[in-house]
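Results of the structural survey
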Amino acid sequence: MTITNRDAFLDQVAANLGRERKVDGVERPDYSVQPQWEVFEGLDPFQLTDRLEAQCKAIHTTLKRTLASELPQALREVVAEYEGKSVVAAADPVMRNMDCPLFLTI
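Residues numbered from 1 in each chain as written. Predicted model: local features only at pLDDT ≥ 70, side-chain atom pairs only at ≥ 80, totals over all residues. Heavy atoms only, no water.

**Observations regarding unusual backbone geometry**
It is generally the case that most residues other than glycine have a negative phi and that most peptide bonds are trans. With a phi angle near 60°, N5 is a residue other than glycine that sits in the positive phi range. When its relative accessible area of 57% is taken as the criterion, N5 is described as exposed. Phi is positive for H60, close to 55°, though the residue is something other than glycine. Relative to the elements of secondary structure, H60 occurs in the loop between α2 (45-58) and α3 (71-81). Under the relative-accessibility criterion, H60 is labelled exposed at 76%. (Buried < 20%, exposed > 50% of the residue type's maximum accessible area, 1.4 Å probe, protein only. Helix = DSSP H or I, 4+ residues; strand = E, 2+ residues; numbered from the N terminus.)

**Some points on the confidence of the model for the protein chain**
Counting all residues, the mean pLDDT for the protein chain is 86, and 91% of those residues have values of 70 or more. Mean pLDDT in the protein chain bottoms out at strand β2 (residues 104-105), which sits at 58, and peaks at α2, which reaches 94. (pLDDT = per-residue confidence, 0-100.)

**Considering the pattern of salt bridges**
For the structure on display, the rule yields 6 salt bridges. Residues D7 and R21 are paired through a salt bridge, measuring 3.1 Å at the closest nitrogen-oxygen approach. Within this pair, whereas D7 is found in helix α1 (residues 6-16), its partner R21 is found in the loop between α1 and α2, the two being separated by 14 residues in sequence. Taking relative accessible area as the criterion, R21 reaches 26% and is therefore assigned partly exposed. Its salt-bridge partner being D11, residue R21 comes within 3.2 Å of it at the nearest N-O pair. Separated by 10 residues along the polypeptide, R21 in the loop between α1 and α2 and D11 in helix α1 bring together distant segments of the chain. Look at the salt bridges and you will find they share partners, linking D7, D11 and R21 into a network. (Salt bridge = Lys/Arg side-chain N within 4 Å of Asp/Glu carboxyl O.)

The structure is reproduced here in structure tokens:
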């Protein structure tokens, strides 16, 4: 994944911390425990979606289920509900291949 303005962002974070940016000797941590890979292991896509829907309810977030073929219309409806004018989404190949509305910026 390409991160836009990564260096400028990291420079700004370092400046806000009152220090020079570290560029040498930085290594990813090697965590001894990584439960995120096991929590939902064995669940099928439908079960995962059910879990996501339950979590969304718990945090007062709306989840809208739709078929891929109905995604453009579902996006239009959600944006209209929020009186939005545009949407920013990840540059996902699936989204690029769909007939997404013009307000969607990928």
